[in-house]
Amino acid sequence: MSNKMHIKLNVNGEDHEFLAEPRELLIHTLRERLNLTGPHVGCETSHCGACTVTIDGKSVKSCTMFVAQANGAEVTTIEGIGSPDALHVLQESFREHHGLQCGFCTPGMITRASKLLEENPNPTEEEVRFGMAGNLCRCTGYQNIVKSILAAAAELNAVKEAAQ
Amino acid sequence: MIPAAFDYYRPNDVKGVIALLNEHGDDARVMAGGHSLIPMMKLRMAEVPHLIDLQDVVALKGIAIGGGRITLGALVTQHELIDHDGLAQTAPILRETARQIADPQVRYMGTVGGNVANGDPGNDMPGLMQCLNADFTLVGPDGERTVAARDFYEAAYMTAREDDEILVGVSFDAPKGGQAYEKQKRKIGDYATAAAAVVLTKENGTCTSASIAMTNLSDIPVFSQDASDALIGTSVEDNAIRAAVAAMLKDIDPVEDNRGPVAFKQHAASIILTRAIKSAWDRA
Ligand SMILES: Cc1cc2nc3c(=O)[nH]c(=O)nc-3n(C[C@H](O)[C@H](O)[C@H](O)COP(=O)(O)OP(=O)(O)OC[C@H]3O[C@@H](n4cnc5c(N)ncnc54)[C@H](O)[C@@H]3O)c2cc1C
Ligand code: FES
Ligand code: FES
């Protein structure tokens, strides 16, 4: 048995401190320790992207990161992006454009898409497909996911323009 | 899928890393992005009682371009390679290769050092580094030494790096002329069925230098001197390309696996190398 480590994490703006084995995977920390069940476990083998969260400005598959690696980091999950009463533009857009069916991949999709739009606010369809290639969906065939993200980008840009 | 327990260390300089490797010997292993190592630990194919996370070792970060030479710190990520405008100018083959590795999430974490030190024949950077004739800089208890990428690989997961050494960076001359990395894979995020890195120069319609390396077609990356030589002095017409492909096929040694039988891999390697040569020649 290895020693437990003192871990500090800022998740969705809130500080957390706890003792954990370094080998604990971040996805389990989020889901089981912090009760943030938005990030999902799809494959557990770094392939599906359902567990995607943002860590210090990077989109990361949280099934492939030890909690020890994330010690001291800022983490954003889907819960920090929008809430049922105040949906993020991306969430609204996925609903509007049928960007989901069963919804299992959706938290990872939207978390990844939010980072993509931050880095590239005006992506082409090809750039959206390339930037979303780490997220698998078994239902939609991707067409409507791409449409949702492009529509959200247009909406966010319109809001920005109106504010200027 | 939870790996066996380990002790975790996060030193902030190379000296600290080497001291830990010295102290724990075979039981210790460094981790960069973890996107090759963690999956292996989860499958319990790698057992690492002492895990040394490199993320705080600032000396291993950064991209330097100067005097025609490019140096990449071991911790430079694939995402950074794609994002770096200076590199896109001086060595566009790096971006072209990195874009064909894994997917965006993996590329935020996966590093140059991890990719070339890993020793997995499926990794794309080793072949690229052989094509660029890169040098790998290693640091151990006795100081620093340099090993050419073309001499670094011994067998799958076996390299010239000693257990108590770490790779601190790679460096190479900014490639001149046309360059291309072509990769055949079954789907996004897959390792290569066959991939080819080509750099060549053109003067008055004649090829004056060429370098060709192949990925995942042997238990190590394959730099093919004969394939490179087959292009030099030609105008890279179809006959010359066929000669280069024939020479390459003598140097690779693919095995049958879930990406296909040997004959299929040779066929894919031929097509991919032909495409890479044509593309590099067009760009030269
Ligand atoms: C879904 C998926 C798809 C992928 N597809 C591809 C692909 O198509 N092509 C490809 O090339 N790769 C692919 N990869 C691998 C990915 O690029 C890895 O991240 C990379 O190969 C290793 O980099 P890392 O920083 O994650 O290394 P780690 O996983 O941290 O380390 C890998 C090995 O290298 C050693 N090591 C790391 N850094 C050093 C150092 N500085 N000195 C000495 N030893 C060191 C470690 O001890 C370990 O043995 C894929 C990975 C995943 C999860
Ligand atoms: S659960 Fe992490 S990538 Fe599938
Ligand atoms: S909506 Fe079902 S997996 Fe994407």
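Counting restarts for each chain: residues are numbered from 1 in the order of the written sequence. All chains are assigned letters beginning with A, and all ligands numbers beginning with 1, in the order in which they are written. Note on the predicted model: pLDDT of at least 70 is required for a residue's local features to be given, and 80 or more for side-chain atom pairs to be given and counted; whole-chain, interface and lining totals, by contrast, use all residues. Each side-chain value is derived from all of the structure's non-hydrogen atoms; neither hydrogens nor water enter the calculation.

(A) Structural context of the overall build of chain A. The helix count covers DSSP runs of H or I at least four residues long, the strand count covers runs of E at least two residues long, and both are numbered beginning at the N terminus. Within chain A, the secondary structure is distributed over 6 helices and 5 strands. Going from N to C terminus, chain A has its helices and strands arranged as β-β-α-β-β-α-β-α-α-α-α. Just to be clear, the radius of gyration here is over C-alpha atoms, and the globule rule we use is 2.2 Å times residues to the power 0.38. Scaling as 2.2 N^0.38, a compact globule of 164 residues should have a C-alpha radius of gyration of about 15 Å, and chain A matches this with 16 Å. A simple rule labels every residue: compare its accessible area, found with a 1.4 Å probe on the protein chains alone, to the largest value its type can have, and call it buried under 20%, exposed over 50%, or partly exposed in between. Within chain A, the fraction of its 164 residues that count as buried is 53%.

(B) Region of interest: the site of ligand 1. Taken together, 33 residues form the shell around ligand 1, and within it B:V30, B:A32, B:L37, B:T111 and B:D124 come nearest. Among the chains of the assembly, those with residues near ligand 1 are chains A and B. With respect to ligand 1, the backbone of B:D190 contributes an N or O atom lying 3.2 Å from an oxygen atom. Each polar contact in these results corresponds to two N or O atoms within 3.5 Å; when the atoms are within protein, one needs to be able to donate a hydrogen and the other to accept it, and residues that are neighboring in sequence are counted only if both atoms are side-chain atoms. Interatomic distance of 3.1 Å between a side-chain N/O atom of B:Y191 and a nitrogen atom of ligand 1. Only the protein chains shown count as covering a residue, and every accessible area follows the Shrake-Rupley method with a 1.4 Å probe. A total of 960 Å² of accessible area belongs to ligand 1 in isolation, and the protein chains cover 98% of it. Counting residues per element, the ones that place at least two in the shell around ligand 1 are β2 (28–31), α6 (104–109), α7 (112–118) and β10 (166–173) of chain B. In terms of residues, the shell around ligand 1 owes the most to one element, α7(B), which gives 4 residues. Here the shell around ligand 1 is built from residues that sort into 14 nonpolar, 14 polar and 5 charged. Throughout, near means a residue has at least one heavy atom within 4 Å of the molecule or strand. Charged means Asp, Glu, Lys or Arg here, nonpolar means Ala, Val, Leu, Ile, Met, Phe, Trp, Tyr, Cys or Pro, and polar covers whatever is left, Gly included.

(C) Structural view of the domain arrangement of chain A. Residue and element names in this part refer to chain A. Start and end positions for the domains come from either an automated domain assignment or a database one. Looking at chain A, the domain boundaries give domain 1 (5–80) and domain 2 (89–163). With centres defined by C-alpha atoms, the gap from domain 1 to domain 2 works out at 22 Å. Here, residues are in contact when the closest pair of their heavy atoms is within 4.5 Å. On the domain 2 side, the residues contacting the 17 residues of domain 1 number 13 residues. Buried area is a sum: the accessible area each of two parts loses on coming together, probed at 1.4 Å, counted once for each and added. Of the roughly 1,100 Å² buried at the junction of domain 1 and domain 2 (both faces included), carbon and sulfur atoms supply 58%. Any Lys or Arg side-chain nitrogen located within 4 Å of an Asp or Glu carboxyl oxygen qualifies as a salt bridge. Run the count over domain 1 and domain 2 and you get 0 salt bridges. Our count for the contact surface shared by domain 1 and domain 2 stands at 5 residue pairs in polar contact (both at pLDDT 80 or more). For the side of domain 1 that touches domain 2, the secondary-structure elements that each account for two or more residues are β3 (52–55) and β4 (58–61).

(D) Main features of the pairing of strand β12 (residues 194–203) of chain B. All names here are of chain B. For β12, the tally of buried residues reaches 8 of 10 residues, placing the bulk of the element in the interior. Relative to β12, strand β11 (residues 178–184) runs antiparallel, the two being bridged by 7 bridges. In the strand pairing of β12, G178 is matched with L200. As judged from the 9 bridges shared by β12 and strand β13 (residues 206–215), these two strands associate in the antiparallel manner. Across the sheet, residue A195 finds its bridge partner in β13, namely T215. At least two bridges found by DSSP between two strands is the condition for calling them paired.

(E) Quick look at the interface of chain A and chain B. The interface of chain A with chain B comprises 35 residues on the first partner and 33 residues on the second. For the pair chain A and chain B, the two sides together bury roughly 2,600 Å², of which 60% comes from carbon and sulfur. Counting across the chain A and chain B interface gives 1 salt bridge. For the salt bridge of A:K61 with B:D103, the shortest nitrogen-to-oxygen distance reads 2.5 Å. The tally of links between chain A and chain B comes to 14 residue pairs in polar contact (both at pLDDT 80 or more). Breaking the side of chain A that touches chain B down by element, the ones donating at least two residues are β4, α2 (67–70), α4 (106–119) and α5 (125–131) of chain A. For the side of chain A that touches chain B, the element with the highest residue contribution is β4(A), accounting for 4 residues. The residue inventory of the side of chain A that touches chain B, partitioned by class, reads 11 nonpolar, 16 polar and 8 charged.

(F) The nonpolar core, seen in detail. Residue and element names in this part refer to chain B. Nonpolar cores were defined as sets of buried Ala, Val, Leu, Ile, Met, Phe, Trp, Tyr and Cys residues, with membership established by side-chain atoms within 4.5 Å. In terms of nonpolar packing, the biggest core is built from 39 residues, with L72, L94, M129, F136, V170 and F172 touching the most fellow members. Looking at which element gives the most residues to this core, the answer is helix α8 (residues 125–131), with 4 residues. The residue makeup of this core includes at least three contributed by each of domain 2 (62–172) and domain 3 (180–283). Discounting chain neighbours no more than four positions away, the residues touching F136 are V116, M129, R145, T146, V147, A149, F152, Y153, L167, G169 and V170.

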